[in-house]
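# Descriptive structure summary
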Amino acid sequence: MTHEPMDARENILIDPIQQHPEFHETESRVAVLGHPIHAMSVAFPIALTFILMGDDLLYWWTGDPFWARAALWSAGGGFLLGLVAGASGLAELLLVPGIRARDAAWTHFILAVLLLALLGANWGYRLTGYESAVLPYGALLSALCVVVVSAAGWHGGKLVFDYRLGTAKGS
Ligand code: HEM
């Protein structure tokens, strides 16, 4: 039995998701004059999560109640501004077909929701008594928040710088 030489094209694997015409439609739709609101708003919860860890460490070191009160405000601010940042990110995820189609965007979403849950729990726990909450569980929760915000933020950066999600195509 003779075999015909195989057509080279038969060896190329085709991803049906990538073939979809909207796969390359990744430009931000939640933006002010072309500047994505998500990218502008994530700085606040990220910074407040690190400040929260710093407040807890300073309270542990000095015993000054000022730092426990600062931690309460940092946790609350981080959580509420995280919800604002999350709302704009979620809108991008649901509205932009090329973002919705990529599993990396959903991985970021899962990490972000985990972060928001931890920040909310951290704040809620401190509302029961902001000074007694710091050691040890408040500080441990803050350490976990720092790990998760680092992962979520690093991964969000990957979406922009590696996958070019949310960026303009340029002229
Ligand atoms: C809760 C749902 C969230 C979703 C669905 C989401 C989705 C996205 C998407 C699609 C991007 C790509 C850029 C864009 O389209 O604007 C992005 C970027 C990013 N996200 Fe999120 N995000 C969420 C929450 C968060 C939170 C809570 C944080 C951190 C506190 C965060 C940190 C980042 C960072 C740092 C970038 C890179 C921004 C840049 O360098 O321009 N995201 N996110």
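Residues numbered from 1 in each chain as written. Predicted model: local features only at pLDDT ≥ 70, side-chain atom pairs only at ≥ 80, totals over all residues.

## Describing the overall build of the protein chain
Check the secondary structure of the protein chain and you find seven helices and two strands. For 171 residues, the compact-globule estimate of 2.2 N^0.38 gives 16 Å, and the C-alpha radius of gyration of the protein chain, at 22 Å, exceeds that figure by more than 25%. Based on the C-alpha atoms only, the size of the protein chain along its principal axes is roughly 85 × 45 × 20 Å. Classification of the 171 residues of the protein chain by burial places 30% in the buried group. If you take every contact in the protein chain between residues at least 6 apart in sequence, the share linking residues at least 24 apart comes to 75%. (Helix = DSSP H or I, 4+ residues; strand = E, 2+ residues; numbered from the N terminus. Rg over C-alpha atoms; globule rule 2.2 N^0.38 Å. Buried ≥ 20, exposed ≤ 12 C-beta atoms within 10 Å, placed from the backbone. Contact = placed C-beta atoms within 7 Å.)

## Examining the site of the ligand
Neighbouring residues of the ligand: 31 residues in total, closest Gly-86, Gly-89, Ala-112, Gly-156 and Gly-166. Of the residues belonging to the shell around the ligand, the class tally is 20 nonpolar, ten polar and one charged. (Near = placed C-beta within 6 Å. Nonpolar A, V, L, I, M, F, W, Y, C, P; charged D, E, K, R; others polar.)

## Topic: unusual backbone geometry
The residue after Leu-135, namely Pro-136, is reached through a cis peptide bond having omega 0°. In this structure, Pro-136 sits in helix H7 (residues 134–161). Unlike most non-glycine residues, Leu-33 shows phi in positive territory, near 50°. Residue position: Leu-33 is located in the loop between strand E1 (31–32) and strand E2 (35–36).

## Things to note about the nonpolar core
Formed by 26 residues in total, the largest nonpolar core has its most connected members in Ala-68, Ala-71, Ala-75, Leu-115, Leu-119, Val-134 and Cys-145. Those elements that provide at least two residues to this core are helix H3 (43–62), helix H4 (65–95), helix H6 (103–127) and H7. The element that contributes the greatest number of residues to this core is H4, accounting for seven residues. Excluding residues that lie within four positions of it along the chain, Ala-68 makes contacts with Tyr-59, Tyr-130, Glu-131 and Val-134. Core analysis: the second largest hydrophobic core is formed by five residues, Ile-99, Ala-105, Leu-159 and Leu-165 among them. (Core = buried A, V, L, I, M, F, W, Y, C linked by C-beta atoms within 7 Å.)

## Observations concerning the packing of H6 against H7
Packed helix pairs are characterised by how far apart their axes lie and by the angle those axes make with each other. Where H6 contacts H7, the axes come no closer than 9 Å and their chain directions differ by 155°. Classified by the interaxial angle, the pair formed by H6 and H7 is roughly antiparallel. The interaxial crossing formed by H6 with H7 has left-handed handedness. The residue makeup of the contact of H6 with H7, split by class, is 19 nonpolar, seven polar and two charged. (Axes fitted to C-alpha atoms, helices over the stretch in contact; angles between N-to-C directions. Parallel < 35°, antiparallel > 145°, perpendicular 65-115°, else oblique. Left-handed = near helix turned anticlockwise from the far one by under 90°.)

## Structural notes on the packing of H3 against H7
Across the interface, H3 lies against H7 with an axial gap of 9 Å and an inter-helix angle of 150°. By the criterion of interaxial angle, the relationship of H3 to H7 is roughly antiparallel. Crossing of H3 over H7 shows left-handed handedness. When H3 is examined against H7, the residues Ile-46, Thr-49, Phe-50, Leu-52, Met-53, Asp-56, Tyr-59 and Trp-60 are found in contact with a partner set consisting of Val-134, Leu-135, Gly-138, Ala-139, Ser-142, Ala-143, Cys-145, Val-146, Val-149 and Gly-153. Of the residues contributing to the contact of H3 with H7, the split by class is 13 nonpolar, four polar and one charged.

## Focus on the UniProt feature "domain: DUF2231" (unreviewed entry) in the protein chain
As recorded in UniProt, the sites labelled "domain: DUF2231" (unreviewed entry) are residues 34–168. Measuring from the first to the last C-alpha atom of residues 34–168 gives 8 Å, for a span that is 84% helix and 1% strand. (UniProt positions renumbered as here; feature names shortened; annotations may be inferred.)

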